[in-house]
Every structure is written in C-alpha cells, then in structure tokens.
Amino acid sequence: MVAGRAHGPRHAKHARTGSSRANQSRQRQSGPSSSAIGGDLLASLVVFLVALPLCIGIGAASGVPVALAIITGIIGGIIVGVMPGSTMQVSGPAAGLATLVLEAVHAHGVMVLGPVVFTAGVIQIVLGVLRMGRLFQAISLSVVQGMLAGIGVPLMLSQAYSLVDSKQIGSAVKNLLGLPQLLSSTLANPHAVVALLLGAATVCLCALWKKVPAPLNKAPAALVAVILGAAVAAMPGVEVKRVIVNDLLGSVHVVPLTEMFKIANPEIITLAITFAVIASAETLFSAAAVDRMHNGPKTKYNAEMIAQGVGNSICGVLGALPMTAVIARSTVNVQAGGRTKVSRVMHGVWLLGFCLLFPKLLAMIPTSVLAGILLHTGWKLFSPGQFPAMWKRDRGEGIVMILTTLAIIVTNLLEGVLAGLAAAIILTALRMSRLRIHTSFKDGGAGGDAAHVVIKGNATFLRLPTLNQTLESVSGKDTIHVDMTGVAHLDLAFHNQVEQWAEQQRKTQEGRQVVLLLPPLEEASVDPDPPRRDPHDPRGPRDPRDTTSEEWFSDYPQVTNSQRSGYAERSRV
C-alpha cells in the first residue's frame with residue numbers, strides 16, 4: 001500500500017471537496033469567465049441607454065450645464081465602478097438631489113458645487129473609515145418613505161414648469177402656488193402647448209411602456225421617449241426648447257482654490273452635510289434593495305461609503321454634480337444580466353465615448369421630454385399608494401411618514417428629515433413608556449384609610465404627569481402601599497419622584513405607613529439590592545412578588561357593614 005493515499009468513500013468525499021475548493025480558488029484568481037464578461041458587456045449597454053437620458057434630464061433639472069451631470073455619470077461608472085464595496089450598484093447623478101442642487105445653484109452660483117460636493121465626499125470617506133456605514137440602516141421605514149416622497153413632490157413641481165418650456169418660480173411651495181398662472185400662460189402660448197403635449201406623451205409612455213408586447217418592452221422607456229421626442233421636435237414648424245450641450249472636454253475644469261476656501265462658510269458646510277447625509281442614505285438604501293435582487297456578493301457598506309466619498313470628492317474637484325448609487329440603473333443592471341463590476345465600469349466608458357463622438361445628437365432632445373421623464377421619476381418616488389398602506393399597517397408610523405413629507409416640502413430636505421427623525425424618536429419613546437397603574441382604596445375602620453397602588457410597565461420621565469396624578473390621589477391616607485415590582489424599566493427621574501414623594505408623606509404625619517416596593521435590579525437596573533419590602537414597613541421583609549391588594553388589606557382592621565363607607569377601584573393607564 002502506498003503511504004499517504006486516501007481510501008474509502010469518506011476520503012473520496014474529502015478529496016472531491018478539496019478539489020472543488022481548489023477549482024473555485026483558481027477561478028477567483030483567473031477572474032470572471034468569458035461568458036460572464038460577454039453578459040456584462042451587454043448589460044452595460046442597456047445601463048448606458050438608461051443612464052444617458054437620466055443624466056441629461058437631471059442636469060437640466062439641477063439648473064447646471066448638462067455636461068456636468070454626464071461627467072458625474074462617467075466618474076460613477078469608471079472610477080467608483082472599480083472600487084470595492086458593491087458589485088451590482090451603478091452610481092451617477094441622482095434625481096433625489098436635483099432640487100437641492102437647484103436651490104444651491106440659484107443661491108450661490110454653479111461654482112458652489114466644487115466646495116460643497118468635495119466636502120460631502122470627504123465626510124463620506126470619514127464615515128466609511130470610522131465604520132459608520134451601517135448606521136444609516138438604523139432609520140425608521142416611515143422616515144425613509146417620507147423622505148423619498150418629500151423628494152418626489154418638489155421634483156414634480158419643478159418639472160411641471162420645464163414641461164411647458166417655462167422657468168420655475170423657486171421653492172416647492174412657490175411652485176405649487178404658481179401652477180394656476182402657469183396653466184393660463186401655457187394655454188395662451190401655442191409653442192408651450194406643443195411642449196406640454198410632448199411632455200405629457202412622455203409621461204404616458206414611461207408609465208405604460210411595461211404593457212407593450214415583448215420584445216419591444218425590453219428597450220428602456222426613457223430612451224424610446226427621447227428618440228421619439230427628438231424625431232417630433234425635428235419636424236418643420238415645431239419650436240420647442242432643446243438641450244444645450246457644451247463641449248464635454250471643455251466643461252472639465254478644476255475648481256480654483258479660492259472657491260474651495262468657501263468651505264469655511266457655515267452655510268456651505270450645512271449644504272455639504274446635507275448632501276453627504278442624503279447621498280449616503282440613498283446609496284445604502286439602494287444597496288439593501290439591490291442585494292435582495294441577486295445571489296452574488298453582497299454590498300460591504302463601509303467600503304461602499306468610502307467609494308462614494310472618493311467619487312464625490314473627484315466630482316467636487318471638477319465642479320460636477322454630486323453622485324449616489326442610483327436604484328433605477330442598478331435594477332436595470334441586475335435585470336439585464338450583469339454579474340460583475342465590468343458592467344458598471346463599461347457603462348461609464350460608453351457614456352464617455354458617446355458624448356465625445358456624438359455631442360450634436362444630444363442637442364436634438366427637447367427639454368419637455370426630459371421633464372416628462374423626471375416627472376414620472378418623481379411620481380414613483382412620491383408613490384401615493386404607500387401612504388394609505390402605511391396608515392393601515394401602523395397609524396403612528398403613518399403620521400411620521402406624512403409629517404416627514406410635509407416638512408421637506410415646506411422647509412428643505414435636511415430640516416424635513418430631521419423633523420421626521422425627531423417624530424420617529426418621540427413615537428418610539430412614547431411606545432416604550434407604556435405604563436399601567438391600578439389604584440385600590442379602602443375607607444373607614446380603626447386603622448384609618450388605606451390605599452394600594454400597583455405600577456407595571458416602563459416607568460420613564462414621560463409618564464411623570466400620570467404618576468403625579470396618581471400619587472396626589474392617594475396622598476394623606478394613613479396606610480399607603482406602592483408596588484413597583486412589575487416595572488420592566490425604571491429611569492432615574494421616575495425613581496427619584498416616587499422616593500421623594502414617599503419620604504414626604506412619612507414626614508407630614510407621624511405614624512403614617514408608606515411602603516414602597518422597588519423592582520429587582522435585573523428588571524429595572526436602578527436598585528442594586530434584591531427586591532425587598534420597604535424598611536419602614538412594620539411587618540418586615542416579604543416576597544415582593546406577592547403584593548395583591550387582598551393580602552395588603554388582610555392586616556387592615558375589619559369593620560361592620562354599617563361602618564363600611566365602600567370599596568372603590570379605578571384603573572388609570
């Protein structure tokens with residue numbers, strides 16, 4: 001027998017397992033197969049066809065040259081695409097930040113994008129290095145959905161003006177109030193009516209394209225809308241606004257240091273923090289959704305945060321738009337058969353090549369068509385059906401969702417999200433502070449009046465008004481028993497209030513019995529001693545869990561029916 005040779009089925013199984021692992025290791029070292037690369041190349045073309053009109057539309061909606069949005073898409077594909085973090089996510093300019101960018105550009109000019117986006121990228125890198133990527137998952141679902149709806153509504157209101165080749169007024173509220181005037185001016189202008197028809201047709205096409213028979217519906221709806229819209233706009237007599245395309249290479253410029261020094265401005269810092277928080281949240285929410293669509297490697301949140309930060313830092317240096325991982329492009333990447341990073345990198349290469357070789361084709365696209373695409377995107381973000389669904393599921397969360405949406409519309413994205421988070425925290429605190437108080441009285445007899453109070457649940461400072469009301473109702477009784485052994489959580493404020501009240505009651509009248517039973521340490525984390533009877537109880541120690549009102553009143557002198565003034569019980573929650 002040859003030494004070291006494996007024999008038997010068990011050894012054969014181990015040999016096959018080792019061989020399989022070795023093959024997998026060799027495959028990882030050799031990289032993706034040629035078939036996988038071929039599928040990724042096809043997927044990258046589909047993603048490119050979706051990303052191109054979206055980049056153009058988001059650039060126009062953001063009030064900046066379209067080339068700046070395309071530069072962001074190229075950086076998101078070629079640079080962020082090769083970095084570790086996610087395999088299937090595709091990054092680029094996001095519709096969710098378009099309104100925020102537009103407001104910043106109107107207030108400070110296009111050059112403000114340099115310091116703001118650069119600082120936002122640095123913040124993302126720091127968050128990733130500190131391994132805080134997962135913190136963005138600790139956000140209430142109602143706040144997330146309210147935030148998306150709050151992004152969608154201002155986006156729709158702003159694009160309603162672009163839909164008729166008109167200039168928007170300003171904030172979401174101002175745009176909403178200006179809609180009647182917009183409608184009357186549109187009907188009086190034949191060219192605006194043509195633009196409106198083009199935009200409305202685009203919205204309908206995007207909404208109904210999935211119902212078109214195969215294989216036509218495999219083509220991206222946005223691309224079909226752009227091609228058809230450009231064809232209509234090219235007809236004689238059709239006069240509508242078209243996309244203004246600058247030279248892509250000429251649009252690439254490094255932001256001067258004098259502009260970067262504006263980072264010291266508190267308003268610029270606030271904008272940067274807002275961009276960083278919203279971009280990070282949208283990226284990681286997208287990662288969670290995309291990871292559920294495929295069986296490949298899952299997103300590494302902290303690495304993805306760093307990758308997004310690097311991408312935004314480069315965009316800031318070049319004065320381009322901020323980037324996020326975009327759920328629409330990422331979903332298309334998965335559905336088109338993408339399996340590796342090749343698909344998202346090559347989509348950036350296609351963007352770069354097309355805009356360098358065929359820039360004049362972009363100038364044929366009507367702005368009303370792009371507005372129609374973004375109007376449909378805003379409607380999907382708003383998703384009105386989610387409000388009644390959330391209300392039926394949980395009314396408290398429904399209120400938080402509505403509050404978040406309204407706060408974003410009335411104020412801005414950052415303040416609205418903070419308001420939603422505050423509402424969610426208050427709702428959670430109230431639900432974690434549910435308290436049940438049961439009070440029993442016995443009047444008359446030689447021993448005087450007696451009261452027995454049982455407190456159960458979570459005793460926090462939020463329930464101090466209820467506690468004080470209860471304690472006032474039993475104050476002055478000759479014998480008072482307060483049983484808190486059923487309390488699951490007892491905070492310091494509640495604990496001190498009860499003890500101070502008990503001590504005050506003992507001092508106000510000599511001989512008054514006030515017995516206070518505190519919860520055990522493992523349940524309330526307040527009293528370091530085991531559960532015991534209050535030291536002032538003349539009957540000595542006893543099991544604190546045996547605290548029914550009948551047993552407390554058993555030692556109380558009995559009285560005749562004629563002397564009994566009645567027994568009353570009431571419960572207060």
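Worth saying up front: this structure is predicted, and the values here are computed from it rather than measured.

Visitor: I tried to follow the side chain of threonine 367 on my own but got confused; where do I start?
Guide: Examined against the element boundaries, threonine 367 turns out to sit in helix H18 (residues 367–382). On the accessibility criterion, threonine 367 (19% relative accessible area) is buried. Only 3.2 Å separates the side chain of threonine 367 from the side chain of aspartate 165, close enough to count as a polar contact. Excluding residues within four positions of it along the chain, threonine 367 makes contact with Ser162, Asp165, Lys241, Arg242 and Val243.

Visitor: Would you take a moment to explain the layout of surface pockets for this structure?
Guide: Which parts of space are left empty comes out when a probe the size of a water molecule is rolled across the atoms. Empty space within the largest pocket amounts to approximately 1,700 Å³. If you trace the largest pocket, you find 47 residues lining it, with Ile327, Ala328, Thr331, Val332 and Lys380 closest to the centre. For the lining of the largest pocket, the elements supplying multiple residues, two or more each, are helix H2 (34–61), helix H6 (141–162), helix H9 (190–208), helix H10 (221–233), helix H13 (266–291), helix H15 (327–335) and H18. For the lining of the largest pocket, the element with the most residues is H13, which contributes 6 residues. Tallied by class, residues from the lining of the largest pocket come to 31 nonpolar, 11 polar and 5 charged. Empty space within the second largest pocket amounts to approximately 600 Å³. Along the walls of the second largest pocket sit 23 residues, with Ala60, Ala61, Gly63, Ser162 and Thr367 positioned nearest its centre.

Visitor: Would you take a moment to explain the pairing of strand S4 (residues 450–459) for this structure?
Guide: Residues in a regular strand point their side chains to alternate faces of the sheet. Of all 10 residues that make up S4, 9 are buried, and the element is covered over most of its length. In this sheet, S4 lies alongside strand S3 (residues 435–442) in antiparallel orientation, the contact comprising 8 bridges. Residue pairing across strands places isoleucine 437 opposite isoleucine 455, the latter belonging to S4. In this sheet, strand S5 (residues 479–490) lies alongside S4 in parallel orientation, the contact comprising 9 bridges. Looking across to S5, one finds that valine 453 is bridged to valine 482.

About the thresholds
- Residues numbered from 1 in each chain as written.
- Predicted model: local features only at pLDDT ≥ 70, side-chain atom pairs only at ≥ 80, totals over all residues.
- Heavy atoms only, no water.
- Helix = DSSP H or I, 4+ residues; strand = E, 2+ residues; numbered from the N terminus.
- Buried < 20%, exposed > 50% of the residue type's maximum accessible area, 1.4 Å probe, protein only.
- Polar contact = N/O pair within 3.5 Å; in protein donor to acceptor, adjacent residues only side chain to side chain.
- Contact = heavy atoms within 4.5 Å.
- 1 Å grid on protein atoms, 1.4 Å probe; cavity = no way out; pocket = protein on both sides within 12 Å on 5 of 7 lines; lining within 4 Å.
- Points joined across faces, edges and corners; volume = space filled by probe spheres on them.
- Nonpolar A, V, L, I, M, F, W, Y, C, P; charged D, E, K, R; others polar.
- Pairing = 2+ DSSP bridges.

Geometry only, nothing functional implied.
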